[in-house]
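Working through the structure, step by step
Listed below, chain by chain, are the residues.
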Amino acid sequence: MMETFPCELTQNPLRKIWMPCKKNGLPEKHISQRRVCMTNCPTLIVTVGLPARGKTYISKKLTRYLNWIGVPTKEFNVGQYRRECLKIYKSFEFFQPDNEEGLKVRRQCALAALKDVRQYLLLDGGQVAVFDATNTTRERRGTITKFAEQNGFKVFFVESVCEDQDVIAENIVQVKLDSPDYIDCNTEEAIADFMKRIKCYESAYQPLDEILDRNLSYIKIMDVGRRYLVNRVLDHIQSRIVYYLMNSHISPRSIYLCRHGESDLNITGRIGGDAGLTARGKEFAKCLLKFIHDQDINDLKVWTSQMKRTIQTAEALGVPYEQWKALNEIDAGVCEEMMYEEIQEHYPLEFALRDQDKYRYRYPKGESYEDLVQRLEPVIMELERQGNVLVICHQAVMRCLLAYFLDKSADELPYLECPLHTVLKLTPVAYGCKVEPVCLSVEAVNTQRDRPENVDVQRTTEDALHTMPAHF
Amino acid sequence: MMMMNRAAVAQDVAEPQQRDAGTGRTARFQRPHDILTPHRPTPSHTSAVLPAMSKNETQLTQNPLQKIWVPWMNSKLSRRRGSSVPQFTNSPTMIVMVGLPARGKTYISKKLTRYLNWIGVPTRVFNVGQYRRDATRIYNNYEFFSADNEEAMKIRKACAITALQDVCAYFTRGQGQVAVFDATNTTSERRELILSFAQGNGYKVFFVESICDDPEIIAENIKQVKLSSPDYVDCDKEEAVTDFLKRIECYKVNYVPLDDDKDRNLSYIKIFNVGSRYLVNRVQDHIQSRIVYYLMNIHVTPRSIYLSRHGESELNVIGRIGGDSGLSPGGHKYANALGSYMRGQNIPDLKVWTSHMKRTIQTAEGLGVQYEQWKALNEIDAGVCEEMMYEEIQQNYPEEFALRDQDKYRYRYPKGESYEDLVQRLEPVIMELERQENVLVICHQAVMRCLLAYFLDKSADELPYLKCPLHTVLKLTPVAYGCKVESVFLHVEAVNTHRDKPENVDIDRDPVEALETVPDHI
């Protein structure tokens, strides 16, 4: 029996992750951090479907979600490659199945896109690539599958099938009329041309088949999510993708994000804790009530965290609300209830590390933004399922949620502005999200601390506190 | 480190103290009223002491057990919100199984029920076959199930109806939220009966149909769970298999699967060949979405799950809880022993998971294989009590200490967590364990208790007292409808960290009584 030497561990100062260190005290390349989809091979998601079936909508949304949970993902829209290749779109005739020239160009574009996919997944650190095109023939799908096999990628098809003419018409209005293809057309011309374009694809369309394609991994989304057929989910990431797609819907609704009213710790410049509202904070709660009332929202759900300040805010609304522990503010560990001046005084190294990488930095005995995102994933999933929701939460939490809806990177996320007493109304529109900030004019302290210029661990106290907001 | 004595703060705000140990779980699919109602302080004589509440005052009180903030309401105010909202905003749900015999319906029913109960959704299985056995006493042979056996048909229908009545009682009197109606339900007529019943009572219905035409899988099912059924207690194996296959034929005659077109307005999932394909139709709400996700992640491939704690830690030795210390010399020895044991198990493709805490990682390092760190596997956060000895907790927070003994599952440490919180945090771990095959999870006492409770179907009351000693590996192997456990002590001595529930859990108990069950330490 071999006795291995008791190993020494060292804790990475930024993320507070323990890892084995070599004899000389330096860390080994650390073994493995729990990441979503520890899949050894990259994954290629391939959309399938006639035009105006929501493929690009799904591609963009899925990409946004995967990036937010920490899986580097990128979409490759073949239509975009075609536009770059052709420069000018004349008419639907380009897409006719007997247009040899058109077919050649389209095939070249698909191959060019696949080349970029390979670059992204093998060389650029990507983990998932979304290949957004109609991919309506078995032949085209065969080409893609072979390409994936050659490169060691897993393939997962996402097919959208829809015969509801109203939905299709709405899609065309929402996203096709503004397409660069129809920049010089009037609405009627554009719609007429696009409908003929769809017809071009219809005759050659071979949907994924239960029998012929039984060995492929795919999800078939029918009638905008009424029905799903899921075949051969291979791994964790595919399972998460299926779950996410099955929870997304396109019914119009709005999500309202706001923080609790100003709290007693806010005004003294202290972070964290579990304080109650100041008089101004209570005033905000009352204004929030009026605002919600004026919005006249159908079936509004209200969610809070389990911290006193969000609950007090919700109480003023006089409606039922749900308390989510997952919405609690980021845990600042040993720095809970400290002022920034105190953090600088007692933990200057920590303070500097945080400024160096605010997203990944974990407070000692506390959390990081990265941890927050993982904690908030079920909240996002449920927000996807729901209709109109008002989420009363906290600064760091709100930044994470906002980053999800507005597709902000990990670098931008911790600095998103989420001031007190301001409601953000988010309304999904086209491929993204419209944001309307509503400042309910009740004064409050500013709690936004921007990244200072000097993030060196050796910096002076003055440099460190340079961007600290004023407080009492 | 500035620490407020949360308990003291709660005391100032709340009078009288609320001792409610009710469900009050603030899970996301919890109806909002459940959050408020269990915690409403009883209207009391102390209302004279507090100032009259104006409508604009939002006084909150913190439930001392779970540390949940709730509005304080004096006896004068009626329920402040939702007077027009019915008591249950989400309706109870019936999950109705559909499928020929030996298609895994009971396996799915039991597993799903176990999962839902573990995440806090009160669920129960109603197995109509069981009702039939109780009604007929003796099973003769497959002819009972013949499609033209009118007498038997009458009995079978009566059993189904009795079971439905029990479902109703479970929802109305038994506080149930989900009922799994486990029967073949292979005809549209029977399903129509159930739908009318459910609609009449305001229950949602979600069908789970299992379709399988792989004779090997069916044969394996029959072997695993039918041969040992009470129906075949006096038969030899061959007789039993023959009879059972004839039984299946009886059902095939009238089997009408859920139809893509006719049943397009029903909510259901169709599972084909043990999960290679799924058809999901009209998922109505959160719980159905979770059920679908769960069913799509489970598999029946044989495998084992190994649960172990980290090796003995430095804080363990001196009787302190929590913290992030390294292994003691004994703990290092265990890490080596664990490595030998796992190598001896000869498992292809073993996954190893640890928490983010030093002691589990050091233990994994001793194995010399790849491992994944999960923050979700971190030990329960003891908040203000982190790194304390039980004696110190008793000294500094005697009331907290008593509350914990009163309801260890729901009790949340001030600025910390409860077992209830832990379960929610561990749900993604369980989901991934379901997806995986052979896994070794190196974790912590409270965490291991939660995971074990999931696999062994232990209640919330039993969970916090499950025995998970140091230096012992639990090997869990799914078998039939449950899980076989093998406990393997790796012969490296360690301190005992198990503290049983003391007899006296009263707030004003003697320190001696409080510390009665504290395990020895240095």
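Please refer to the structure higher up on the page.
Presented here is a report on the structure given in the accompanying data block. As the structure is a prediction and not an experimental result, all values here were calculated from the model. Within each chain, residue numbers correspond to sequence positions counted from 1 in written order. All chains are assigned letters beginning at A, and all ligands numbers beginning at 1, according to the order in which they are written. Residues qualify for local features only when their pLDDT is at least 70, as the model is predicted, and side-chain atom pairs are given and counted only at 80 or more; totals for whole chains, interfaces and linings, by contrast, use all residues. Water and hydrogen atoms play no part in the side-chain values, which are based on all heavy atoms of the structure.

**Here's the deal with the overall build of chain B**
- Across its full length, chain B carries 17 helices and 14 strands.
- Taking all 522 residues of chain B together, the buried fraction comes to 58%.
- Here a residue-residue contact requires only that any non-hydrogen atoms of the pair lie within 4.5 Å. For chain B, long-range pairs separated by at least 24 residues make up 70% of all intrachain contacts whose partners lie at least 6 apart in sequence.
- With an accessible surface of roughly 22300 Å², chain B has 49% of that area assigned to carbon and sulfur atoms. Elements are defined by DSSP. Helices are runs of H or I of four residues or more, strands are runs of E of two residues or more, and each kind is numbered from the N terminus. Whether a residue is buried, partly exposed or exposed follows from its accessible area with a 1.4 Å probe, protein chains only, as a fraction of its type maximum: under 20%, in between, or over 50%, in that order. Areas reported as accessible are Shrake-Rupley estimates using a 1.4 Å probe. Residue values count occlusion only from the protein chains shown.

**Points about the overall build of chain A**
- What chain A contains, in helices and strands, is 15 helices and 14 strands.
- Restricting the calculation to C-alpha atoms gives the radius of gyration, and the globule rule supplies 2.2 Å times the number of residues raised to the power 0.38. A compact globule built from 472 residues would reach a C-alpha radius of gyration of about 23 Å, and chain A, at 26 Å, matches this within 12%.
- Along the three orthogonal principal directions, the C-alpha set of chain A runs to about 75 × 70 × 40 Å.
- Scored against the burial criterion, the 472 residues of chain A give a buried share of 58%.
- When the accessible surface of chain A is totalled, it reaches about 20700 Å², and 51% of it is carbon and sulfur.
- His is not counted here, nor are the chain ends, while Lys and Arg score as positive and Asp and Glu score as negative. Each charge is placed at NZ for Lys, CZ for Arg, CG for Asp and CD for Glu. Distance between charge centres in chain A, computed from 62 positive and 67 negative side chains, equals 4 Å.

**Considering the sheet that holds strand E4 (residues 123-127) of chain B**
- A pair of strands is labelled paired if DSSP reports no fewer than 2 bridges between them. Read across the sheet, 12 strands follow the order E4(A)-E5(A)-E3(A)-E6(A)-E7(A)-E8(A)-E8(B)-E7(B)-E6(B)-E3(B)-E5(B)-E4(B) without closing on themselves; strand pairing throughout is mixed. Strands at the two margins of the open sheet, each flanked by one partner only, are strand E4 (73-77) of chain A together with E4 of chain B. Pairwise comparison of adjacent strand axes, ignoring direction, gives a mean angle of 15 degrees for this sheet.
- When strand E3 (residues 93-98) of chain B meets strand E5 (residues 178-182) of chain B, the two strands line up parallel, connected through 4 bridges. Of the residues in E5 of chain B, the one forming a bridge with Thr 93 of chain B is Val 178 of chain B.
- Axes here refer to lines fitted to C-alpha atoms; in helices the fit is confined to the stretch in contact. Angles between the N-to-C directions go from 0 to 180 degrees. With respect to the sheet, helix H2 (residues 78-86) of chain A is in contact with E4 and strand E5 (128-132) of chain A, its orientation differing from that of E4 of chain A by roughly 50 degrees.

**Some remarks on the pairing of strand E10 (residues 351-354) of chain B**
Residues and elements named next belong to chain B.
- Inspection of the sheet shows E10 paired to strand E12 (residues 439-443) by 3 bridges, in the parallel sense. Residue pairing in the sheet places Val 352 in a bridge with Leu 440 of E12.
- We call a crossover right-handed when, viewed with the strands running away from us, the connection from the first strand over the helix to the second turns clockwise. Following the chain from E10 across helix H12 (residues 358-365) to the adjacent parallel strand E11 (residues 372-373), one finds a crossover that is right-handed.

**Re helix H3 (residues 105-118) of chain B**
All names here are of chain B.
- For H3, which comprises 14 residues, the first-to-last C-alpha distance of 20 Å matches the rise-based estimate of 20 Å (1.5 Å per residue) to within 8%.
- Burial within H3 is extensive, with 11 of its 14 residues counted as buried.
- All of the buried residues along H3 are Lys 105, Thr 106, Ile 108, Ser 109, Lys 111, Leu 112, Thr 113, Arg 114, Tyr 115, Leu 116 and Trp 118.
- At the exit of H3 stands Gly 120, carrying a positive phi of roughly 100 degrees. Helix span, as expected, comes to 1.5 Å for every residue beyond the first.

**Overview of the packing of helix H15 (residues 419-435) of chain B against helix H16 (residues 445-456) of chain B**
All names here are of chain B.
- Two elements in contact, H15 and H16, have axes separated by 9 Å at closest approach and are oriented at 60 degrees. Classified by the angle between their axes, H15 and H16 sit oblique to one another. Judged by the twist between their axes, the crossing of H15 over H16 is right-handed. Here Tyr 419, Leu 422, Val 423, Leu 426, Val 429, Ile 430, Leu 433 and Glu 434 of H15 lie close against H16, whose contacting residues are Ala 446, Val 447, Arg 449, Cys 450, Leu 451, Tyr 454 and Phe 455. Angles below 35 degrees are treated as roughly parallel, those above 145 as roughly antiparallel, those between 65 and 115 as roughly perpendicular, and all remaining angles as oblique. Put simply, a crossing is left-handed when the front helix is turned counterclockwise from the back one by less than a right angle, and right-handed when it is turned clockwise.

**A look at the pattern of salt bridges**
Residue and element names in this part refer to chain A.
- For this analysis, a salt bridge means a side-chain nitrogen from Lys or Arg found within 4 Å of a carboxyl oxygen belonging to Asp or Glu. Counted under the stated rule, the structure contains 48 salt bridges over all chains.
- One salt bridge in this structure joins Glu 75 and Lys 60, with 3.7 Å as the shortest N-O distance. One end of the pair, Glu 75, is in strand E4; the other, Lys 60, is in helix H1 (residues 55-68), with 15 residues separating them in the sequence.
- We note a salt bridge from Asp 181 to Arg 82, for which the minimum N-O separation is 2.9 Å. Taken together, the residues span a long stretch of sequence, with Asp 181 in the loop between helix H5 (165-176) and helix H6 (187-202) and Arg 82 in helix H2 at a distance of 99 residues.

**Digging into the packing of H1 of chain A against helix H14 (residues 395-406) of chain A**
Residues and elements named next belong to chain A.
- It is at 9 Å that the axes of H1 and H14 come closest, and there the two elements cross at 150 degrees. Considered as vectors, H1 and H14 are oriented roughly antiparallel to each other. As H1 packs across H14, the resulting crossing turns out to be right-handed. Every residue of H14 that contacts H1 at Lys 61, Arg 64, Tyr 65 and Trp 68 is listed here: Cys 400, Ala 403, Tyr 404 and Phe 405.

**Digging into the environment of Ser 304 of chain B**
Residue and element names in this part refer to chain B.
- In this fold, Ser 304 is placed in the loop between helix H9 (286-297) and strand E9 (305-309).
- Accessibility expressed as a relative area gives 9% for Ser 304, which makes it buried.
- Ignoring any residue separated from it by four or fewer positions in sequence, one finds Ser 304 in contact with Glu 437, Asn 438, Val 439, Lys 475, Leu 476 and Thr 477.

**Comments concerning the sheet that holds strand E10 (residues 301-304) of chain A**
All names here are of chain A.
- If you trace the 6 strands from one edge of the open sheet to the other, you get E11-E10-E12-E9-E13-E14, paired in mixed fashion. In the strand order of this sheet, the two ends are held by strand E11 (322-323) and strand E14 (432-439), each with one partner.
- Taken together, the 8 bridges between strand E13 (residues 422-429) and E14 define a ladder with antiparallel strand orientation. Bridged to Val 423 within E14 is Val 438.
- Against the sheet, helix H13 (residues 369-385) makes contact with strand E9 (255-259), E10 and strand E12 (389-393), and its axis sits at roughly 175 degrees relative to E10, the strand it touches most.

**Quick notes on the packing of aromatic side chains**
- The aromatic pairing rule takes the rings of Phe, Tyr and Trp, using the six-membered ring of Trp, and pairs them if the centres are within 6.5 Å, calling planes under 30 degrees apart stacked, those over 60 edge-to-face and the rest tilted. A full pass over the atoms with the stated rule returns 31 aromatic pairs over all chains.
- An aromatic cluster is built from Tyr 89, Phe 94, Phe 95, Tyr 182, Phe 194 and Tyr 201 of chain A, whose rings are joined through pairwise contacts.
- Distance and angle both matter: a charge sits over a ring if NZ of Lys or CZ of Arg is within 6 Å of the ring centre and within 35 degrees of the ring normal. For Lys 408 of chain B, the ring lying beneath its charged end belongs to Tyr 465 of chain B, and the centroid distance is 4.6 Å.
- Against the face of Tyr 390 of chain B rests Arg 499 of chain B, its NZ or CZ located 5.5 Å from the ring centre.

**Some thoughts on the side chain of Asp 405 of chain B**
Residues and elements named next belong to chain B.
- Looking at where Asp 405 falls in the secondary structure, it is placed in helix H14 (residues 398-406).
- For Asp 405, a relative accessible area of 1% gives the class buried.
- Those residues in contact with Asp 405 that lie beyond four places of it in its chain are Tyr 465, Arg 499, Lys 501, Pro 502, Val 505 and Arg 509.

**What to know about a negative patch on the surface**
Residues and elements named next belong to chain B.
- Patch definition: residues above 30% relative accessible area lacking any salt bridge, with like charges linked at up to 9 Å and the nonpolar side chains Val, Leu, Ile, Met, Phe, Trp and Tyr linked at up to 5 Å. A grouping of Glu 503, Asp 506, Asp 508, Asp 510, Glu 513 and Glu 516 is seen on the molecular surface, where their side chains present a negatively charged patch.
- Structurally, Glu 503 can be placed in the loop between strand E14 (482-489) and helix H17 (511-514).
- A relative accessible area of 79% means that Glu 503 is categorised as exposed.

**Section: the environment of His 332 of chain B**
Residue and element names in this part refer to chain B.
- Mapped onto the elements of the fold, His 332 is located in helix H11 (residues 329-345).
- Of the residues examined, His 332 reaches a relative accessible area of 17% and is grouped as buried.
- In this structure, the C-alpha to C-alpha distance between His 332 and Ala 514, residues 182 residues apart in sequence, is 33 Å.

**Comments concerning the side chain of Asp 132 of chain A**
Residue and element names in this part refer to chain A.
- Tracing the chain through its elements places Asp 132 in strand E5.
- We note that Asp 132 is buried and unpaired, the nearest opposite charge coming from Lys 55 at a distance of 5.5 Å.
- Each polar contact in these results corresponds to two N or O atoms within 3.5 Å; when the atoms are within protein, one needs to be able to donate a hydrogen and the other to accept it, and residues that are neighboring in sequence are counted only if both atoms are side-chain atoms. For Asp 132, the side chain forms a polar contact with the side chain of Thr 47, separated by 3.4 Å.
- In contact with Asp 132, other than residues within four places in its own chain, are Thr 47, Lys 55, Thr 56, Ser 59, Phe 76, Asn 77 and Val 78.

**So, the pairing of strand E8 (residues 227-231) of chain A**
- Counting buried positions along E8 of chain A yields 5 of 5 residues, so the element is predominantly enclosed.
- Both faces of E8 of chain A are covered, namely the face carrying Arg 227, Leu 229 and Asn 231 of chain A and the face carrying Tyr 228 and Val 230 of chain A.
- When strand E7 (residues 218-222) of chain A meets E8 of chain A, the two strands line up antiparallel, connected through 5 bridges. Paired with Met 222 of chain A across the bridge in E8 of chain A is Arg 227 of chain A.
- Counted along the chain from E7 of chain A to the antiparallel partner E8 of chain A, the turn is 4 residues long, and its residue Asp 223 of chain A has a positive phi close to 50 degrees.
- Two strands pair when backbone bridges link them, and E8 of chain A and strand E8 (residues 277-281) of chain B are joined in this way by 5 bridges, in the antiparallel orientation. Looking at the pairing, Arg 227 of chain A lines up with Asn 281 of chain B of E8 of chain B.

**Section: the state of the cysteines**
- Disulfide assignment relies on a single distance test, namely cysteine sulfur atoms paired within 2.5 Å. In the structure shown here, the tally under the stated rule is 0 disulfides over all chains.
- Among the cysteines around Cys 109 of chain A, which has no disulfide bond, Cys 85 of chain A carries the closest sulfur, lying 4.3 Å off.
- Here Cys 250 of chain B is not disulfide-linked; the sulfur of Cys 235 of chain B is the nearest cysteine sulfur, at 15 Å.

**Focus: unusual backbone geometry**
Residues and elements named next belong to chain B.
- With a phi angle near 50 degrees, Arg 282 is a residue other than glycine that sits in the positive phi range.
- Summarising the element assignment, Arg 282 is placed in the loop between E8 and H9.
- Here Arg 282 falls in the partly exposed class, since its relative accessible area comes to 28%.
- One non-glycine residue with positive phi stands out, namely Glu 387, at about 65 degrees.
- The topology assignment puts Glu 387 in the loop between E11 and helix H13 (390-396).
- A relative accessible area of 31% places Glu 387 in the partly exposed class.

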